[in-house]
Amino acid sequence: MSNNNITLPKAPKDLCFSELDFIQDNFDVDTFLQDHRKNGKLETMRDDLGMYLKLLRSAMIDLINRDYTDFVNLSSNLIGLDKAINDLQTPLGQLREEVMQVRQALDDEITAISTNLNDNLKIRERKQNLHSLQHVYKSLKKLSSILSMKTFMEHPTKIDILEQAAIELNQLKFHISRCKSDISVDQGKESTELENLYLTCLNELFLACIQEKNSNLAIRCLRIYLTLDKISNAEELVKHELVRPLIYNMINEENLQTDPLGLQSIYHRLLNILNVEMKQLLDITLYSDRISVKGFNFLVNSFWVEVEEKIEQYIKSVFAPGDPVLFHKRYTATLEFLTKLEVECVTPETLTALRSHPQYKSFLKKWNLPVYFQIRFQEIAGIVEAVLAEIVSPDSVKGNLASLTQKDFSLHATCVIWDNLLRIWADDIYLYQLFHRFWKLSLQICSRYQTWCQNAMKQVWPVINETNSSSDSEHSTRLNFLVYLYTDIEKLVNALPSFLQMVQSKVKDGNVTISKLLEDSLSETSKNLANFLPSVTREIVNELSEQCVTHLKQVSDIPRLFRRTKRDVPTKPCPYVKSAMIPLTNFHVDYNKIIPETVALWLELTLSSLTESYLLFVTDVLTSVQKTEESLRRLKKIRDKTTGILPSEPQGTSDDEKIRIQLKVDVDGYANMIKDLNMSVSNIHHLQDLIDAIEAAMKK
């Protein structure tokens, strides 16, 4: 009974549920409790369910009372039903027996008819066999007469005989297939001999047509091959009788070694065979827009198969990767040959057949590209590593000051890195099949150069001897090296985009995804190289500062120059100021005209560091002078009290004042020398602090 026919008593509105909840198809007690629990407590739900149960019982009693008469009549109508059923059993059993007898009779008739049909089928097949056997006799006799040498040789148009014989041969093969059990051994042998004789005649005529360039007869011959389902026979015939003799004296070790062009010359002559000897045959089998015969693939199954076999058999040495130069030359020549061969495949089907041919795949696998790359890797990486492993010395510098403004690099290491990066992608080394490996090698070389730059800055510069002049020379040489290193890194970073464009131009079909990956990986390399520039700058600044700060330390000697020496009031800076600025002046003279912006940055950083040290030295001297001055003043007061002498006014400029005057003259000279370097005083950190410290000391 469907839920639609169920009528439940209406539940009061104040209950926490509806009567329709109980007649849902997916009614579940747990779900019911979970859904209505939020409408009231469990005790309330229990009371509501009890109330609705009373309603249901009341409704059930009303239903029984209303339909009581129908229930009583239903039970009274069933009296005597058992007897009626028993009375029906006997006639139904008799009917069942009669039906079974009729069914058995029908089965027997069907079996008899099937037997007769099978017998008729065997008779009919036997008649067909005899009929086919009769045709076999007739076809054998007819073929024997047609293919008799006298008739065949005397006939003016042999192709007509062959076409007629092809029809008869097809009928013979068809009838033989239908009466194999009745064919005698002699008849089977005679049939095979006639077929072989026919194919011999057809092959001779087909070869003659090819040699005589008779396209019409060649097309008719090919159609006969197609009719007889002998396509492979035609392809084998062309392979053995046409292609093999032509390439016999072409593919050999002697031609490979003696010919100036080597393998390239052999490939050129092989393509000549396609364009001359086999051109007519390919024209009538490959081009669908011309009068042609479809189904043949002489380019792959006749020409390529034979060429590949002979290359593998007679000139195996071409696959040897021991000599990378020769291997690259031969492999590129092979790829060029295969590309031209694929161009000859004018239809997609022919091209697919060539590329999927087992001999085509195995031929490409014989070229040991991983070994070739390994040889090139050892060759290129060996050169790079040999240079980068050398200890940094004056010999590491290749160029001079003039080279800084040129595109060429100034350090041997950078030159070798760049030359080998370009060499990897040179036409005589690069192979597209190894693109990913060569790109990885390029990134490895760049990474190795980064490591070398890092180590070069940390490496201790070799000391020539222990004299002061040699020490200066040492600092100067290391400074030059650092400048060359900085400019080389800058030039390399600027040159990498052009290098990327060169590599991207070698990506086939302009693959956007590959180009983007190349750009991302090289941009990271450029970023890592550029990150070394601040480190090189710090080394240059430290190098200049070390050369200058030694002289500035002499400021501590100024008090000794004026105490109890009765020197005149100073008017000129001490020599140490000029000595401290000489390295910077020389550096400015050497490099400012070449790399002015970079030199200005280096000098600004160096002077800021130098001024900070100078400020510390001057502050120490002023503090010492002040302490000494106070000590002397206290001693003088004690002495005057002891002797009873009244303190007198100082006569002239005191030694301490002379010291302060000298420091001010030195600082002013230092500031003027900075201006002489065309440096903005405001950009030099701590310089104003130095001047203010001297001014404050002069006021005391």
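Residues numbered from 1 in each chain as written. Predicted model: local features only at pLDDT ≥ 70, side-chain atom pairs only at ≥ 80, totals over all residues. Heavy atoms only, no water.

**Student:** In this structure, what is going on with the packing of helix H14 (residues 324–344) against helix H16 (residues 358–365)? I would like to understand it.
**Tutor:** Packed helices, taken two at a time, are described by their axes: the angle between them and the distance between them. Close contact between H14 and H16 brings their axes to 12 Å; oriented N to C, the two are set at 160 degrees. Here H16 runs roughly antiparallel to H14, going by the angle between their axes. Crossing geometry of H14 relative to H16 is assigned as left-handed. The segment H14 lies against H16, with Thr-334, Leu-338 and Glu-342 engaging Tyr-360, Phe-363 and Leu-364. In the contact of H14 with H16, the residues fall into four nonpolar, one polar and one charged. (Axes fitted to C-alpha atoms, helices over the stretch in contact; angles between N-to-C directions. Helix = DSSP H or I, 4+ residues; strand = E, 2+ residues; numbered from the N terminus. Parallel < 35°, antiparallel > 145°, perpendicular 65-115°, else oblique. Left-handed = near helix turned anticlockwise from the far one by under 90°. Contact = heavy atoms within 4.5 Å. Nonpolar A, V, L, I, M, F, W, Y, C, P; charged D, E, K, R; others polar.)

**Student:** Whenever I open this one, the packing of aromatic side chains confuses me. Can you help?
**Tutor:** Two descriptors summarise a pair of aromatic rings, namely the distance from one centre to the other and the angle between the planes of the rings. Under the criterion given, the structure shown has 31 aromatic pairs. When the ring of Trp-452 is compared with that of Phe-481, the centres are 6.3 Å apart and the planes differ by 75 degrees; the resulting orientation is edge-to-face. In this pair, Trp-452 is assigned in helix H19 (residues 435–458) and Phe-481 in helix H20 (residues 468–504), connecting sequence segments 29 residues apart. By relative accessible area, Trp-452 is classed as buried at 5%. Members of the aromatic cluster, each reached through a chain of ring pairs, are Phe-373, Phe-377, Phe-409, Trp-418, Trp-425, Tyr-430, Tyr-432, Phe-435, Phe-438, Trp-439 and Phe-499. (Phe/Tyr/Trp six-rings, centres within 6.5 Å; stacked < 30°, edge-to-face > 60°. Buried < 20%, exposed > 50% of the residue type's maximum accessible area, 1.4 Å probe, protein only.)

**Student:** Can you walk me through the side chain of Glu-342 in this structure?
**Tutor:** By the element assignment, Glu-342 lies in helix H14. The buried category is assigned to Glu-342, whose relative accessible area is 17%. A polar atom in the side chain of Glu-342 sits 2.7 Å from the side chain of Tyr-360. (Polar contact = N/O pair within 3.5 Å; in protein donor to acceptor, adjacent residues only side chain to side chain.)

**Student:** Mind showing me how you'd approach the environment of Cys-221 here?
**Tutor:** Topologically, Cys-221 is positioned in helix H8 (residues 215–227). For the pair Cys-221 and Val-293, spaced 72 residues apart in the sequence, the C-alpha separation amounts to 10.0 Å. What Cys-221 contacts, discounting residues up to four positions off in sequence, is Ile-159, Leu-202, Leu-205, Phe-206 and Cys-209.

**Student:** Just checking my understanding: could you explain the nonpolar core for this structure?
**Tutor:** In summary, soluble globular proteins display a tendency toward joint burial of nonpolar side chains. Core analysis: the biggest nonpolar cluster contains 161 residues, and Phe-206, Leu-270, Phe-303 and Trp-452 have the highest contact counts within it. A total of 15 residues in this core trace back to one element, the largest contributor, which is H20. Both domains that furnish three or more residues to this core are identified here as domain 2 (142–314) and domain 3 (550–637 + 653–699). Ranked by size, the runner-up nonpolar core spans seven residues in total, among them Ala-11, Leu-15, Cys-16 and Tyr-52. (Core = buried A, V, L, I, M, F, W, Y, C linked by side-chain atoms within 4.5 Å. Domains from an automatic or database assignment.)

**Student:** Could you clarify how one ought to interpret the pattern of salt bridges in this entry?
**Tutor:** Two side chains of opposite charge can pair, provided their charged atoms sit close to one another. Taken as a whole and judged by the stated rule, the model has 18 salt bridges. Close ionic contact of Glu-309 with Lys-239 constitutes a salt bridge, the shortest N to O distance being 3.6 Å. Residue Glu-309 is found in helix H13 (residues 298–314), and its partner Lys-239 is found in helix H9 (residues 231–248); the two are separated by 70 residues along the sequence. Residue classification places Lys-239 among the buried residues on the basis of a relative accessible area of 7%. One salt bridge in this structure joins Glu-306 and Lys-310, with 2.5 Å as the shortest N-O distance. Placement of the pair is Glu-306 and Lys-310 together in helix H13, with a separation of four residues, close to one helical turn. Of the residues examined, Glu-306 reaches a relative accessible area of 0% and is grouped as buried. (Salt bridge = Lys/Arg side-chain N within 4 Å of Asp/Glu carboxyl O.)

**Student:** What exactly am I supposed to notice about the packing of H14 against helix H17 (residues 369–388) here?
**Tutor:** Closest axis-to-axis distance for the H14/H17 pair is 10 Å, and the angle between their directions is 135 degrees. In terms of orientation, H14 lies oblique with respect to H17. Classified by chirality, the crossing of H17 by H14 is left-handed. Between H14 and H17, the contacting residues are Pro-324, Val-325, Phe-327, His-328 and Tyr-331 on the first element and Leu-369, Tyr-372, Ile-375, Arg-376 and Glu-379 on the second.

**Student:** I keep staring at the confidence of the model for the protein and nothing clicks. Help me out?
**Tutor:** Any residue range with low pLDDT should be treated as having predicted coordinates unsuitable for detailed reading. Chain-level pLDDT for the protein is 81 on average; 86% of the residues reach the 70-or-more range. When the criterion is pLDDT under 50, residues 464–475 qualifies, and its contacts beyond four places in sequence or with other chains add up to seven contacts. (pLDDT = per-residue confidence, 0-100.)

**Student:** Would you take a moment to explain unusual backbone geometry for this structure?
**Tutor:** The phi angle of most residues is negative, glycine excepted, and most peptide bonds adopt the trans form. Unlike most non-glycine residues, Lys-213 shows phi in positive territory, near 60 degrees. Within the secondary structure, Lys-213 is located in the loop between helix H7 (185–211) and H8. Phi at Asp-229 is positive, roughly 60 degrees, even though this residue is not glycine. Of the residues examined, Asp-229 reaches a relative accessible area of 63% and is grouped as exposed.

**Student:** Just to check I follow, could you spell out helix H11 (residues 263–275) for this structure?
**Tutor:** The periodicity of an α-helix, 3.6 residues per turn, causes residues three or four positions apart to be oriented the same way. Taking 1.5 Å of rise per residue, the 13 residues of H11 would be expected to cover 18 Å, and the 19 Å separating its terminal C-alpha atoms lies within 8% of that figure. Here H11 has its buried residues at Leu-263, Ser-265, Ile-266, Tyr-267, Leu-270, Leu-271, Ile-273 and Leu-274. On its buried side, H11 packs onto H9, helix H10 (253–258), helix H12 (279–286), H13, H14 and H16. (Expected span 1.5 Å × (residues − 1).)

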